[in-house]
Amino acid sequence: MNIMGECEKLKKLIDKKWAKTYNVVSCLTSWRKRMRRYILFQIKQFQNRVVRNICIDMKKFDITSPPSLIQSEIIGYLIQNEEQDIYQKDLEAIFQLRRSTISGVLQTLEKKNLIKRTDIPNDARMKKIILTNEAKDLYKSATRYLEKLEQKVITGIEKDELEIFYKVLDKMQHNLDVE
């Protein structure tokens, strides 16, 4: 075959691949346009952006092993109830998690030096959960960070718009609770 024939063959191959790529891109664009009309898709997209922002910021601050969501919730609960004695059984009931799950979470928090478990005189099986200063500092800085992120998210949104948003969100949550 001559050079012109090879070029023509190559051109047809490129046209086929381009057409396939174009069809895929066109299909994706069409799908995204349709999905924009679905609230659940929008909520998921928003969540992805928030998580992406948090991950980028963690890299900036050189945070390599942040607490998981449940670890953060436990730290928050312990801080809010610092004047009370809290035990593993309390956390199992409050967070509706199995003993093994809470035990694993507490072990991880202990390894990260965020809690200490201390014996109580009356019962050797029970251990009081105490936050370390490191956990308190982490909680304070995380709270400040989340407040800044919240402000970033609501920038340019009027108070009345936020009130409408919260009302609609409350109704949606209620709709999911109703059977």
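Attention here is on the structure that accompanies the text. (Residues numbered from 1 in each chain as written. Predicted model: local features only at pLDDT ≥ 70, side-chain atom pairs only at ≥ 80, totals over all residues. Heavy atoms only, no water.)

### Description of the environment of Ser103
(1) Moving on: Along the chain, Ser103 turns up in helix 5 (residues 99-111).
(2) Moving on: Taking the C-alpha atoms as reference, Ser103 lies 9.7 Å from Lys89; in sequence the two are 14 residues apart.
(3) Moving on: For Ser103, the contacting residues outside a window of four places in its chain are Gln88 and Arg117. (Helix = DSSP H or I, 4+ residues; strand = E, 2+ residues; numbered from the N terminus. Contact = heavy atoms within 4.5 Å.)

### Topic: the packing of helix 2 (residues 39-60) against helix 6 (residues 133-154)
Packed helix pairs are characterised by how far apart their axes lie and by the angle those axes make with each other.
(1) Moving on: Interaxial distance between helix 2 and helix 6 falls to 12 Å at its minimum, and their mutual angle equals 135 degrees. It follows from the interaxial angle that helix 2 and helix 6 lie oblique. Note that helix 2 runs across helix 6; the crossing there is right-handed. Contacts from Phe46, Val50, Asn53, Ile54 and Asp57 in helix 2 reach Tyr145, Leu149, Lys152 and Val153 in helix 6. (Axes fitted to C-alpha atoms, helices over the stretch in contact; angles between N-to-C directions. Parallel < 35°, antiparallel > 145°, perpendicular 65-115°, else oblique. Left-handed = near helix turned anticlockwise from the far one by under 90°.)

### Focus on the pattern of salt bridges
(1) Moving on: Enumeration over the complete set of coordinates arrives at four salt bridges.
(2) Moving on: Between Arg117 and Glu110 there is a salt bridge, and its shortest N-O distance comes to 3.0 Å.
(3) Moving on: For Glu110, a relative accessible area of 33% puts it in the partly exposed group.
(4) Moving on: A salt bridge links Asp119 to Lys127, with the nearest nitrogen and oxygen atoms 2.4 Å apart.
(5) Moving on: Judged by relative accessible area, which is 54%, Asp119 ranks as exposed. (Salt bridge = Lys/Arg side-chain N within 4 Å of Asp/Glu carboxyl O. Buried < 20%, exposed > 50% of the residue type's maximum accessible area, 1.4 Å probe, protein only.)

### Section: the side chain of Gln71
(1) Moving on: Among the structural elements, Gln71 can be located in helix 3 (residues 69-80).
(2) Moving on: Gln71 sits in the buried class, given a relative accessible area of 6%.
(3) Moving on: Look past the residues within four positions of Gln71 in its chain and what remains in contact with it is Pro66, Val105, Thr108, Leu109 and Lys112.

### Re the nonpolar core
(1) Moving on: By size, the foremost hydrophobic cluster in this structure holds 16 residues, and its most contacted members are Ile74, Leu78, Leu91, Leu106, Leu109 and Ile115.
(2) Moving on: The set of elements that each furnish at least two residues to this core consists of helix 3, helix 4 (88-95), helix 5 and strand 2 (123-131).
(3) Moving on: Beyond its immediate stretch of four places on either side in the chain, Leu91 contacts Ile74, Tyr77, Ile86, Gln96, Ile102, Leu106 and Ile129. (Core = buried A, V, L, I, M, F, W, Y, C linked by side-chain atoms within 4.5 Å.)

### Here's the deal with the pairing of strand 1 (residues 115-120)
(1) Moving on: Pairing of strand 1 with strand 2 involves six bridges; the strand directions are antiparallel. When the sheet's bridge partners are listed, Ile115 is paired in strand 2 with Leu131.
(2) Moving on: Between the end of strand 1 and the start of strand 2, which pair antiparallel, lie two residues. (Pairing = 2+ DSSP bridges.)

### Regarding the layout of surface pockets
(1) Moving on: The computed volume of the largest pocket comes to approximately 1,800 Å³.
(2) Moving on: The wall of the largest pocket is formed by 46 residues, among which Val50, Ile54, Tyr145, Leu146 and Leu149 lie closest to the centre.
(3) Moving on: Every element with two or more residues in the lining of the largest pocket is listed here: helix 2, helix 3, helix 6 and helix 7 (159-177).
(4) Moving on: Counting residues per element, the lining of the largest pocket draws most heavily on helix 6, at 14 residues.
(5) Moving on: Tallied by class, residues from the lining of the largest pocket come to 30 nonpolar, eight polar and eight charged.
(6) Moving on: Along the walls of the second largest pocket sit Tyr87, Gln88, Lys89, Glu92, Arg99, Arg117, Asp123, Arg125, Met126, Lys127 and Ile129, which together make up its complete lining.
(7) Moving on: Among the elements of the structure, helix 4 and strand 2 are those that each provide at least two residues to the lining of the second largest pocket.
(8) Moving on: If you tally residues by element for the lining of the second largest pocket, the top one is strand 2, at five residues.
(9) Moving on: When the residues that make up the lining of the second largest pocket are grouped by side-chain class, the tally is three nonpolar, one polar and seven charged. (1 Å grid on protein atoms, 1.4 Å probe; cavity = no way out; pocket = protein on both sides within 12 Å on 5 of 7 lines; lining within 4 Å. Points joined across faces, edges and corners; volume = space filled by probe spheres on them. Nonpolar A, V, L, I, M, F, W, Y, C, P; charged D, E, K, R; others polar.)

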